[in-house]
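Chain by chain, the residues:
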Amino acid sequence: MKPKYQVIIDDIKSKILSGDYSVGEQIPTESALQEKYKVSRQTVRKAILELSNEGFLRSEKGSGTYVSNQYQSKSGNHSKNRTIGVITTYISDYIFPSIIRGIEGRLNEDNYSLLLASTNNDVEQEKRALEMMLSFGVDGLIVEPTKSNLYNPNIAYYLSFKEQDVPFIMINAYYEELSVPFLCLDDVRSSYLATKELISKGHTQIGLISKTDDLQGKYRMKGYIKALGEAKLRFRPEHVLSFNTETKQDLSTNLKKFLSENIDELTSIVCYNDEVGFEVANVCRQLDISIPEQLSIIGQDNSYIAQNANIKLTTLTHPQEQMGRDAADWVIKKLQGKKDLPNETYYQPVLIEGETVKELEAE
């Protein structure tokens, strides 16, 4: 458990960085802070002293304590080299190492440093990452949004970057509440092409494994529904299995139930991504369901796991390293004063045929 004075420090610092307390504004009195945090005056003074030493506060005798702008100047002097912050949901797995490699490669060309943080798709961890970037005084920011299909409580931090004229761009998704530049795969088209591929091979009973808390999941479901509609195939809610970040750990168990209940009807499944595709394949092995003889599956993203697995998964491309490079290039050009940079970029997916889709014979 944190010491009481540290709780006060973290809370006041968050309010300053998010803009709740603006530079020059007087913070509540020591008595008010005592009452709010249920602590002694000594604890409050220790917190204020620490925040003053860090440049977040300044005290005026007989007047009160005010938000200082010294933390901004301190953080801005961290290095002669400019630093770009990068916040992703994950770092070490799936497509993220390739994205980071692309970012790093482009930054190195112009001698920019990289400050990296991940959120594990958790808004509280995103908050801490944003506070770190603001405290450090990064010159630009590349962000993969956290739970992008849900309301985000950290919007104020992004507005703080805007107010400070720190350029930032989002990758893979964006927050619909904010008007920000972004680089995304055309997720609607990706799932649309996956579903169309199955339809072209004679499949009419097509399931979907969908993630609900990320914008990619929303749009990939949209592509699936669009392809069904064009083929005049009925959308059946019972053929859709949804999960989110919190329930992902139960996906294997839920897949067993889903497949056991629907295998007599389903002939194929469009998977949210390659990771889910291999989870489906793994569960099929446990249930003695043969792929693709009994069930065809398509992944999405052409991740390294799809490229190095024992089974060659049919999937669709994701720009990965190119997206990372383009994001870094956008921020660098913005810092160089370039105008007319694109606000929206959609990369077009391409089908990569594997061995997990079977062509059905016409009845």
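The preceding data block contains the structure.
About the thresholds
- Residues numbered from 1 in each chain as written.
- Predicted model: local features only at pLDDT ≥ 70, side-chain atom pairs only at ≥ 80, totals over all residues.
- Heavy atoms only, no water.
- Pairing = 2+ DSSP bridges.
- Helix = DSSP H or I, 4+ residues; strand = E, 2+ residues; numbered from the N terminus.
- Axes fitted to C-alpha atoms, helices over the stretch in contact; angles between N-to-C directions.
- Contact = heavy atoms within 4.5 Å.
- Phe/Tyr/Trp six-rings, centres within 6.5 Å; stacked < 30°, edge-to-face > 60°.
- Buried < 20%, exposed > 50% of the residue type's maximum accessible area, 1.4 Å probe, protein only.
- Lys NZ or Arg CZ within 6 Å of the ring centre and 35° of its normal.
- Right-handed = clockwise from strand over helix to strand, strands pointing away.

Asks: When you look at the sheet that holds strand β10 (residues 268-271) in this model, what are you seeing that I'm missing?
Replies: In sheet architecture, strand pairing relies on hydrogen bonds along the backbone and comes in two forms, parallel and antiparallel. In space, the four strands of this open sheet follow the order β9-β8-β10-β11, with parallel pairing throughout. Looking at strand neighbours, the two that pair on one side only are β9 (240-243) and β11 (296-298), the edges of this open sheet. Between one strand axis and the next, the sheet turns through 15° on average, direction left out of account. For β10 and β11, the ladder comprises three bridges, and the chain directions are parallel. Among the inter-strand pairings, Val270 is bridged to a residue of β11, identified as Ile298. Lying on the sheet, helix α9 (residues 215-230) is in contact with β8 (206-211), β9 and β10; it crosses β8 at an angle near 165°.

Asks: Sorry if this is basic, but what is going on with the packing of aromatic side chains here?
Replies: For any pair of aromatic rings, geometry is given as the distance between the ring centres together with the angle between the planes. Scanning all chains against the criterion turns up eight aromatic pairs. Ring centres 6.1 Å apart and planes at 85° place the aromatic pair Phe243 and Tyr272 in the edge-to-face group. Highlighted residues: Phe243 in strand β9 and Tyr272 in the loop between β10 and α11 (274-286), separated in sequence by 29 residues. The exposure classification of Phe243 matches that of Tyr272, with both residues buried. Here the guanidinium or amino end of Lys46 rests over the ring plane of Tyr5, the centre of that ring lying 4.1 Å away. The lysine or arginine in question, Lys226, covers the ring of Tyr192, its NZ or CZ lying 4.9 Å from the ring centre.

Asks: Would you explain the pairing of β10 in this entry?
Replies: The side chains of a regular strand alternate between the sheet's two faces. Of the two faces of β10, the one holding Ser268 and Val270 and the one holding Ile269 and Cys271 are both buried throughout. Pairing of β8 with β10, which is carried by four bridges, proceeds in the parallel orientation. Bridging across to β10, Gly207 finds its partner in Ile269. Note that the unit made of β10, α11 and β11 has a crossover that is right-handed.

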